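Breakdown of the fold
Letter by letter, the chains look like this.
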Amino acid sequence: YQRRVHGTLSECLFFFVMATFSLEVEATAANVKKIDCEAYDIVKRDAWVKIVLGDQEWKSSVEEGKLDPVWEEKHTFTVKDVNTEKLELSFFLGEKQIGTTGTYNLDGLKKGVGTYKGLAVPGGKVDISLRALDFGKDPNEKKKGADDWMSFV
């Protein structure tokens, strides 16, 4: 990801090395009502998610006794490298992780626009939303294509 910077070469290099960005993540809800708790040896039905980005970790609150929790909780992560860092999402019932960890790229996000991401887990799914606060593609930028060719004619 690049930002246009004005200044001396050393100032530009310092900015390039030190630049960080912000990603807002909202743990929205989950619905795993179809999970077979006995088959997965689930004792506690206390639902929560863990979200990791690089060395940063955030956990949602615990919705006790619910297989259809609604969190609607937001957390802002610092992003060091939009092109290589990946967000990881894990879902838990009690202390038992349900399903695999989902991994999401950040380089395709649009600046300021919420992007839905779902994680399929046994018995249902988990929903989150990602919003690039100060990086990403410009949502107002028009795609080049047939319309541009017609304006040429």
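Residues numbered from 1 in each chain as written. Predicted model: local features only at pLDDT ≥ 70, side-chain atom pairs only at ≥ 80, totals over all residues. Heavy atoms only, no water.

1. Quick look at the packing of aromatic side chains
For the structure shown, the criterion picks out two aromatic pairs. A centroid spacing of 4.2 Å and a plane angle of 5° characterise the contact between Trp-48 and Phe-92, whose relative ring orientation is stacked. Taken together, the residues span a long stretch of sequence, with Trp-48 in strand β2 (residues 47-53) and Phe-92 in strand β5 (residues 86-93) at a distance of 44 residues. Accessibility classification places Trp-48 together with Phe-92 in one group, the buried group. (Phe/Tyr/Trp six-rings, centres within 6.5 Å; stacked < 30°, edge-to-face > 60°. Helix = DSSP H or I, 4+ residues; strand = E, 2+ residues; numbered from the N terminus. Buried < 20%, exposed > 50% of the residue type's maximum accessible area, 1.4 Å probe, protein only.)

2. Some words on the pattern of salt bridges
Going through the model one piece at a time under the given rule, you end up with five salt bridges. Across the pair Lys-33 and Asp-68 runs a salt bridge, and its minimum N-O distance is 3.4 Å. With Lys-33 in the loop between β1 (21-31) and β2 and Asp-68 in the loop between β3 (56-59) and β4 (70-79), this pair connects stretches of sequence that are 35 residues apart. Salt-bridge contacts for Lys-125 lead to Asp-127; the nearest nitrogen and oxygen are separated by 3.1 Å. (Salt bridge = Lys/Arg side-chain N within 4 Å of Asp/Glu carboxyl O.)

3. Some thoughts on the nonpolar core
Leu-23, Ile-51, Leu-87, Phe-91, Leu-106, Val-126 and Phe-135 are the most contacted members of the largest nonpolar core, which has 35 residues in total. Elements with a contribution of two residues or more to this core: β1, β2, β4, β5, β6 (96-105), β7 (114-121) and β8 (124-132). Ranked by the residues each element gives to this core, the list is headed by β1, at five residues. Aside from chain neighbours lying at most four places away, what touches Ile-51 is Val-25, Gln-56, Glu-57, Trp-58, Phe-77, Leu-87, Glu-88, Leu-89 and Ile-128. (Core = buried A, V, L, I, M, F, W, Y, C linked by side-chain atoms within 4.5 Å. Contact = heavy atoms within 4.5 Å.)

4. Here we look at the sheet that holds β7
The antiparallel open sheet is built from four strands, whose spatial order is β4-β1-β8-β7. If you trace the sheet from one side to the other, it starts and ends with β4 and β7, each paired once. Strand after strand, the sheet turns through a mean of 25° between neighbouring axes, direction not considered. The sheet contact formed by β1 and β4 spans eight bridges and is antiparallel. (Pairing = 2+ DSSP bridges. Axes fitted to C-alpha atoms, helices over the stretch in contact; angles between N-to-C directions.)

5. Observations regarding unusual backbone geometry
Residues other than glycine seldom take positive phi values, yet Asp-41 does so here, at roughly 55°. Mapped onto the secondary structure, Asp-41 falls in the loop between β1 and β2. According to the relative accessible area criterion, Asp-41 is exposed, its value standing at 58%. In the Ramachandran plot, Glu-72 falls in the positive-phi region, its phi being about 50° despite a non-glycine side chain. On the secondary structure map, Glu-72 appears in strand β4.

6. As for the sheet that holds β2
Across the sheet, which stays open at both edges, the four strands sit in the order β3-β2-β5-β6 with antiparallel pairing between neighbours. Edge positions in the sheet fall to β3 and β6, since each has one partner strand and no second. Ignoring strand direction, the axes of neighbouring strands in this sheet form an average angle of 15°. Relative to β3, β2 is paired through four bridges, and the arrangement is antiparallel. Looking across to β3, one finds that Val-52 is bridged to Glu-57.

7. Here's the deal with the side chain of Asp-127
Within the fold, Asp-127 resides in strand β8. Within the structure, the side chain of Asp-127 is placed 2.9 Å from the side chain of Tyr-116, a separation counted as a polar contact. Residues contacting Asp-127, with those up to four places away along its chain left out, are Glu-26, Ala-27, Thr-28, Ala-29, Tyr-116, Lys-117 and Gly-118. (Polar contact = N/O pair within 3.5 Å; in protein donor to acceptor, adjacent residues only side chain to side chain.)

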